[in-house]
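# Per-entry structural report
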Amino acid sequence: MKGGTEFRFVTDGIHAALEQAKAAAGGRDVRLGGGVATIRQYLQARLVDELHLAIRPVLMGSGEALWQGIDLYALGYECAKQAAGERALHVFLRKRA
């Protein structure tokens, strides 16, 4: 894609997908794309270094629960920063050093 962005669809699991992404990135940042189930898997495996959430209060039905059953603190994460925007609250989580 323009700017060098690549999308790859991997069925070998999250570890294989991350390795392919790192190889393709050549030392640059890797961004995770996917839904709640994908994000939960990477968080539970402690593979996320930093997570930026844009939270906006809307009613969309029951959906999937991002945090259900996940103890972020026990997994080594902390809230590094939060900022209120015009339309959303931005929360930045990171892995503790």
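Residues numbered from 1 in each chain as written. Predicted model: local features only at pLDDT ≥ 70, side-chain atom pairs only at ≥ 80, totals over all residues. Heavy atoms only, no water.

## Comments concerning helix H1 (residues 14-25)
Heads up, the condition is: In this text, helices come from DSSP runs of H or I with a minimum length of four residues, and strands from runs of E with a minimum of two, each type numbered from the N-terminal end. Given a helix with a known number of residues, its expected span is that number minus one, times 1.5 Å. Using a 1.4 Å probe on the protein chains alone, a residue whose accessible area is under 20% of its type maximum counts as buried, one over 50% counts as exposed, and one in between counts as partly exposed. In this context, the arc is that of the directions from the helix axis out to the C-beta atoms. Residue contacts follow a heavy-atom distance rule, with two residues in contact if any of their heavy atoms lie within 4.5 Å.
The end-to-end C-alpha distance of H1, which contains 12 residues, comes to 16 Å, matching closely the 16 Å that a straight helix rising 1.5 Å per residue would cover. Residues Ile14, Ala17, Leu18 and Ala25 constitute the buried set of H1. Down the axis of H1, the buried side of the element spans an arc of 100 degrees, and every buried residue falls inside it. In H1, the exposed residues that point more than 90 degrees away from the buried face are His15 and Ala23. Residues of H1 that are buried sit in contact with helix H2 (36-44). Trailing H1 by a residue or two, Gly26 shows a phi angle of about 55 degrees, which is positive.

## Some words on the pairing of strand E2 (residues 77-84)
As a reminder of what qualifies: Two strands form a pair only when DSSP identifies at least two bridges running between them.
Of the strand pairs in this sheet, E2 and strand E3 (residues 89-95) are connected by seven bridges, and their pairing is antiparallel. Across the sheet, residue Cys79 finds its bridge partner in E3, namely Leu93. Between the end of E2 and the start of E3, which pair antiparallel, lie four residues.

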